[in-house]
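Residues per chain are reported as follows:
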Amino acid sequence: MRNRVIVIGAIVLIAFVIGSRSNRPVIKQSKGETARKMWNDPRARKGRKKLAKKIAKAAKKHG
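Residues numbered from 1 in each chain as written. Predicted model: local features only at pLDDT ≥ 70, side-chain atom pairs only at ≥ 80, totals over all residues. Heavy atoms only, no water.

## Some details on the overall build of the chain
Here comes step 1: Each helix and strand counted, the chain has three helices and zero strands in total.
Here comes step 2: Walking the chain from its N terminus toward its C terminus, one meets helices and strands in the order α-α-α.
Here comes step 3: Taking 11 Å as the expected radius of gyration for a compact globule of 63 residues, we find that the chain reaches 26 Å, considerably beyond that expectation.
Here comes step 4: Taking the principal axes of its C-alpha atoms as reference, the chain extends roughly 80 × 25 × 15 Å.
Here comes step 5: Here the chain, with 63 residues, has 0% of them falling under the buried criterion.
Here comes step 6: Total accessible area on the chain stands at roughly 6,600 Å², and carbon and sulfur atoms take up 64% of it. (Helix = DSSP H or I, 4+ residues; strand = E, 2+ residues; numbered from the N terminus. Rg over C-alpha atoms; globule rule 2.2 N^0.38 Å. Buried < 20%, exposed > 50% of the residue type's maximum accessible area, 1.4 Å probe, protein only. Areas by Shrake-Rupley, 256 points an atom, 1.4 Å probe, with all protein chains shown as cover.)

So this is what it looks like as structure tokens:
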């Protein structure tokens, strides 16, 4: 009897989790839009700027 209650409770919990996640809207973006967002990201810009400085410094040292 106790095992049956635990199994039913687990099934109800799983059904609740699946049901609560199923009504969330999914916003699909094109690959171009995703790439544009990644390119315009402030952290990505900063990283590209730092990398450009590093490459310029290395080129100056070797060339």
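Next comes the rest of the write-up.
## Comments concerning helix 3 (residues 42–62)
Here comes step 1: When the terminal C-alpha atoms of helix 3 are compared, their 30 Å separation across 21 residues agrees well with the 30 Å that a helix rising 1.5 Å per residue should span.
Here comes step 2: The element helix 3 is barely covered by neighbouring structure, given that only zero of its 21 residues are classed as buried. (Expected span 1.5 Å × (residues − 1).)

## Quick look at a nonpolar patch on the surface
Here comes step 1: A cluster of nonpolar side chains, contributed by Leu 13, Phe 16 and Val 17, occupies part of the molecular surface with about 320 Å² of accessible area.
Here comes step 2: Position of Phe 16 among the secondary structure elements: in helix 1 (residues 2–22). (Patch = residues over 30% accessible without salt bridge, like charges linked within 9 Å, V, L, I, M, F, W, Y side chains within 5 Å. Salt bridge = Lys/Arg side-chain N within 4 Å of Asp/Glu carboxyl O.)

## Details of the packing of helix 2 (residues 31–40) against helix 3
Here comes step 1: Two numbers describe how helix 2 lies on helix 3: the axes approach to 5 Å, and their chain directions differ by 60°. Classified by the angle between their axes, helix 2 and helix 3 sit oblique to one another. Contact with helix 2, carried on its side by Met 38, Trp 39 and Asn 40, involves Pro 42, Ala 44, Arg 45 and Arg 48 of helix 3 and no other residues of that element.
Here comes step 2: Classifying every residue of the contact of helix 2 with helix 3 by side-chain character gives four nonpolar, one polar and two charged. (Axes fitted to C-alpha atoms, helices over the stretch in contact; angles between N-to-C directions. Parallel < 35°, antiparallel > 145°, perpendicular 65-115°, else oblique. Contact = heavy atoms within 4.5 Å. Nonpolar A, V, L, I, M, F, W, Y, C, P; charged D, E, K, R; others polar.)

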